[in-house]
Amino acid sequence: MFEFIRTHQRLMQILLAIIIVPSFALVGLEGYKGFGEDATTIAKVAGQPVSQQEFDNALRNQLDSYRQRMGAQFDQKMFDTPEFRQNLLDQLIAERAIAAEVTRANLSVGDAQLQKAITDLFGGPGTFDMERYKQILASQGLTPAMNDARMRRDLALQQLAGAVQNTGFAPRSVAKTLSDIGAQEREVQELLLPVADFVPQVKVTDAMVKAYYDKNSKFFEVPEQAKIEYVVFNSDAVTSQIAVTDAEVAAYYNANQAAFTTPETRRAAHVLVALKKGASAAETAAAKAKADAIVAELRKNPADFAKVAKAKSEDPVSAEQGGDLDVVSKGSLPPAVEAAVMKLKQGEISDAVQSDFGFHVLTVSALTPAVVKPLDAVKTEVADALKKQKAAKKYSEMAETFTNTVYEQSDSLKPVADKLGLKIETAANVSRTPSPMAGPAPYNNAKFLAALFSNDSISSKRNTEAVETAPSTLIAGRIVEFKPASKRPLAEVDASIRQRVTMEEAAKLAAKAGAEKLAAFKKSGDATGFGAAKLVSRAKADGINGLAMQEVMKADTTKLPAYVGVDVPGMGYGVYRINKVQQPAEQDVERRKAEAEQIGTIVAQQEMYEYIQVLKQRAKVKIIKPIQTTTVAEVK
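About the cut-offs
Residues numbered from 1 in each chain as written. Predicted model: local features only at pLDDT ≥ 70, side-chain atom pairs only at ≥ 80, totals over all residues. Heavy atoms only, no water. Salt bridge = Lys/Arg side-chain N within 4 Å of Asp/Glu carboxyl O. Helix = DSSP H or I, 4+ residues; strand = E, 2+ residues; numbered from the N terminus. Pairing = 2+ DSSP bridges. Axes fitted to C-alpha atoms, helices over the stretch in contact; angles between N-to-C directions. Contact = heavy atoms within 4.5 Å. Phe/Tyr/Trp six-rings, centres within 6.5 Å; stacked < 30°, edge-to-face > 60°. Lys NZ or Arg CZ within 6 Å of the ring centre and 35° of its normal. Parallel < 35°, antiparallel > 145°, perpendicular 65-115°, else oblique. Left-handed = near helix turned anticlockwise from the far one by under 90°.

**Student:** Describe the pattern of salt bridges, with residues and values.
**Tutor:** Evaluated as defined, the whole model comprises 23 salt bridges. When the shortest N-O distance is used, the salt bridge between Glu101 and Arg618 registers 2.8 Å. Taken as a pair, Glu101 in helix α3 (residues 82-104) and Arg618 in helix α21 (residues 589-618) lie far apart in primary sequence, 517 residues in all. With a closest N to O distance of 2.8 Å, Glu492 and Arg488 form a salt bridge. Salt bridges sharing partners connect three or more residues here, namely Asp206, Asp494 and Arg498.

**Student:** Describe the sheet that holds strand β7 (residues 265-274), listing the residues and the values that go with them.
**Tutor:** Taken together, the four strands give an open sheet; going across it, the order is β8-β7-β10-β9, and neighbouring strands pair in antiparallel fashion. Of all the strands in the sheet, just β8 (324-327) and β9 (353-355) have a single pairing partner and so form its edges. Pairs of neighbouring strands in the sheet enclose a mean axial angle of 35°, with direction left out of account. Of the strand pairs in this sheet, β9 and strand β10 (residues 358-368) are connected by three bridges, and their pairing is antiparallel. Counted as the bridge partner of Gln354 is Phe359 from β10. The sheet contacts of helix α12 (residues 305-312) involve β7 and β10, and relative to β7 the element is tilted by about 35°.

**Student:** Tell me about the packing of aromatic side chains, and name the residues and values.
**Tutor:** Scanning the entire structure with this criterion turns up nine aromatic pairs. A cation over a ring is seen here: Lys487 above Tyr213, with NZ or CZ 4.2 Å from the ring centre.

**Student:** Give a detailed account of the packing of helix α2 (residues 52-70) against α3, specifying residues and quantitative values.
**Tutor:** Viewed as axis vectors pointing N to C, α2 and α3 meet at an angle of 115°, and their least axial separation amounts to 11 Å. Considering the angle they form, α2 stands roughly perpendicular to α3. Helix-helix and strand crossings are classified by hand; for α2 and α3 the assignment is right-handed. The segment α2 lies against α3, with Glu54, Phe55, Ala58, Leu59, Gln62 and Tyr66 engaging Phe84, Arg85, Leu88, Leu89, Gln91, Leu92 and Arg96.

**Student:** Break down the sheet that holds strand β2 (residues 48-51) for me, citing the residues and quoting the values.
**Tutor:** Strand order in the open sheet formed by three strands is β2-β1-β19, with antiparallel pairing between adjacent strands. The outermost strands of the open sheet, each flanked by one partner alone, are β2 and β19 (622-623). Relative to β19, strand β1 (residues 41-45) runs antiparallel, the two sharing two bridges. Residue pairing for β19: Ala43 is matched across the bridge by Ile623. Here α2 sits on the sheet in contact with β1 and β2, set at roughly 55° to β2.

And the structure:
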């Protein structure tokens, strides 16, 4: 529902994504002009201050964005780094520099362009609902005036970005050269020296095994693990204990019938007799007379409305559609026109109605009456809504009971489970960091695991405190069994080490033999021992290993045949003979066109990046003082 609010914010995100790497979601700054520099100013851009408070607000918005995206895996400590803060400050500075250039260049957005951008977010004028628009803005803490200012700014920024990026292009010769490189084919022969052929030559000693064991001890570490018990308290646990009566359901239904009503819909059409603003009395009278004549014509033959609209309407957009205005929603039409539509019966022709656009002759082409769903059809829905209402009121009380009980009776989770009707869950092989294998399991949360694996929890095996892992979700747990980190004994891993060392030594022998063959081939130009010739390209490996293909395609082919040697992990050593280089007989026109567009985009982005650097210099960015070392936890 709130997607349209975010749409114009993405314009700035796209622009700044070119400037800063790595980029983070941009935080919009409104109304920065007019603020004076004071003790909280951390930077100045184009003479305007960036304050510590604005930075903290931006940081808070960033964290809220990541919290929504990451859910239960969100941990604020991940973002409590100097690099994260500096990236955010760089973004704010870049935004100010761009905004200053928009002002300097007098880039502006007209009312018509702004109105079109807003209505387009709803699918067009026919589906725009002013009341819904205001409600959505209010939920975001915005007024229409505030949002208009934001959208004007972002649309102006879009103009600026387009003006710069549209000048970027790559010469055809450059695009062709790069496409030729991508499409190039090479005829290749392969001589593979499998690592298995050299295994019989390897003799692994006990000393070699011990050396490998000592050098690679981390491979043999067994992480600490625990068997745990835990209980989860959330809104579902509260709701499951709530009951509602039929009388309560009926009372709620009667008091909120609007929520169960499918509203009436009216699809309208019009014939417009256009009249310019400031028209004289004579011009107005002539337009009115023309509209009245159309009214009379249509009342004689209402079925001809679409035909007449196509022939006589001066609204070029709707005329082509037989005058169709789509389904009318509140606020989507001029007030007088909307009021007239709402009074008409289906197929009825209105009197001529005047608006700022001229005179309208209206009809309702389709009318669907409002329908109220019967109580029986929504009884379950109403009961669920009532349960949620009651649960919301009871949640705080039960959450306090949960928190106090796991703390006061910390030697077991049974008391809190019995008191609140919760189920004690168990999990084995749990470690102190979230595991991808555990997925969305409630305990697989960084904050909870940190509490679970605290020194006190491990040593005493008492309950953890109640940890909030998601909105309205608390979890507490305890360690039942704990196994500290250990190292597997040498005797246990001796066989696997011997096998690994054997393969490593065999690979060295294969590489040595391959290098000798490569040198001999380069000297003689011989092809003895190579396999059948294959025609390969960057898009078609034809069975050749990926690493080998990289070396084959970038090998120097000024002198043919050319040879290249590649150590292929897990396979052995490959020697490759390149006999000839050519372009494919048939050119892929669509691919080359797409590549040319991609190259042009890269060039345009580079030009935008360089332009932004110029803007930052022009804005005379000045860092007043370092960012305060406020932790992210302090900006909740």
